[in-house]
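Chain by chain, the residues run as shown.
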Amino acid sequence: MSDPNPNPGPAPAKPKQVHGTTNKKYEEALSKAERLAATAKKPDYSAVLAARDITGPFLSQIFIDCAAARSQLGLAVDKRSDKLSATKAEDLDKSELHVLIQSIQASARQKYAVSAPEQLMDWLIGQPIAQSRAKLEQAGATILNKLTTDTLPGVTTDTIVQLTSLLGTYKTADLNQHGQQTGASTSLLTGAALVDDITKRRMTIQFAADAQWPWTTPANAPIRVQFDLPTTTTY
């Protein structure tokens, strides 16, 4: 009697994050599926396996789905790179926005530190505005609004335009970063689901080959090797 467990290997677990090890594991799973599907399509094996429901269309679909899975995994890597670029751009925007706000605050000190120090709080002086994204965005909006009713030495219309632009760019950078992260996660999950399904179909090929060419017949050993099946049993 044939060994009921031809050791086709477990289906890959779905990852929680994008990383090189996961992608390598998936690439290996896809390559193995393609190799075994190609073996099953060989003239020496295709007819007998078709009688066990491993048909030509079944095998062709594996190649189609492997290509689709690779495409999704490639998109995940690409979007991850885009996210890193978006993060760098966001950090630069944050720095430029913070520097400009500090420059405006310095002008507020020049105007009010001696004559009306109580006014300094309206310009958020002394507050940790760079402590978080939310605080920096709020500080930019607060100071921008304050400039509609007050004037500061050295703060011109061009300064206000620059602050408006930097604040908008900083917000957009955050949206881009989150968008790329979402895209990477979606592509990876889609690719992972395909790999999981392809692996199950690859295992089906191996189970069919195990039944057709059991390990109990020594002459089947070369064929079993081609289907990544053990040539002996551990039972």
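Residues numbered from 1 in each chain as written. Predicted model: local features only at pLDDT ≥ 70, side-chain atom pairs only at ≥ 80, totals over all residues. Heavy atoms only, no water.

### A short note on the overall build of the protein
Step number 1: Helix and strand content of the protein: six helices and zero strands.
Step number 2: Helices and strands in the protein line up, N terminus first, as α-α-α-α-α-α.
Step number 3: Looking at the protein as a whole, 38% of its 235 residues are labelled buried.
Step number 4: Of the contacts made within the protein by residues no fewer than 6 positions apart, 74% connect residues no fewer than 24 positions apart.
Step number 5: Surface accessibility of the protein: about 12700 Å² in total, with carbon and sulfur atoms responsible for 57%. (Helix = DSSP H or I, 4+ residues; strand = E, 2+ residues; numbered from the N terminus. Buried < 20%, exposed > 50% of the residue type's maximum accessible area, 1.4 Å probe, protein only. Contact = heavy atoms within 4.5 Å. Areas by Shrake-Rupley, 256 points an atom, 1.4 Å probe, with all protein chains shown as cover.)

### Here's the deal with the confidence of the model for the protein
Regions with low pLDDT should not have their predicted coordinates read in detail.
Step number 1: When pLDDT is averaged along the protein, the result is 82, and 77% of the positions lie at 70 or above.
Step number 2: A low-confidence stretch, residues 10–19 (pLDDT under 50), is modelled with 26 contacts involving residues beyond four sequence positions or located in other chains. (pLDDT = per-residue confidence, 0-100.)

### A word on the nonpolar core
Step number 1: In terms of nonpolar packing, the biggest core is built from 25 residues, with Leu49, Ile205 and Phe227 touching the most fellow members.
Step number 2: Where this core is concerned, the elements lending two or more residues are helix 1 (20–40), helix 2 (43–50), helix 3 (56–112) and helix 5 (157–212).
Step number 3: For this core, the element with the highest residue contribution is helix 5, accounting for seven residues.
Step number 4: When residues no more than four places from it in sequence are discounted, the contact partners of Ile205 are Leu36, Ala37, Ala40, Ile54, Phe58, Leu59, Ile62 and Phe227. (Core = buried A, V, L, I, M, F, W, Y, C linked by side-chain atoms within 4.5 Å.)

### Some remarks on the packing of aromatic side chains
Step number 1: If you walk through the whole model with that rule in mind, you get three aromatic pairs.
Step number 2: Through pairs of rings, three or more aromatic residues link up here, namely Tyr45, Trp213 and Phe227.
Step number 3: One cation-aromatic arrangement involves Arg133 over Tyr170; the distance from NZ or CZ to the ring centre is 3.8 Å. (Phe/Tyr/Trp six-rings, centres within 6.5 Å; stacked < 30°, edge-to-face > 60°. Lys NZ or Arg CZ within 6 Å of the ring centre and 35° of its normal.)

### Things to note about the pattern of salt bridges
Step number 1: One pass over the full model with this rule turns up eleven salt bridges.
Step number 2: Where Lys200 meets Asp196, a salt bridge forms, and the shortest distance between an N and an O atom there is 3.4 Å. A residue pair is termed a helical-turn pair when its members lie 3 or 4 positions apart in one helix, as Lys200 and Asp196 do in helix 5 at four residues.
Step number 3: Relative accessible area serves as the criterion here: at 15%, Asp196 is assigned to the buried category.
Step number 4: Look at the salt bridges and you will find they share partners, linking Glu27, Glu34 and Arg70 into a network. (Salt bridge = Lys/Arg side-chain N within 4 Å of Asp/Glu carboxyl O.)

### What to know about the environment of Ser95
Step number 1: Secondary-structure assignment places Ser95 in helix 3.
Step number 2: The exposure class of Ser95 is partly exposed, given its relative accessible area of 40%.
Step number 3: Residues Ser95 and Ala130, spaced 35 residues apart in sequence, show a C-alpha to C-alpha distance of 9.2 Å.

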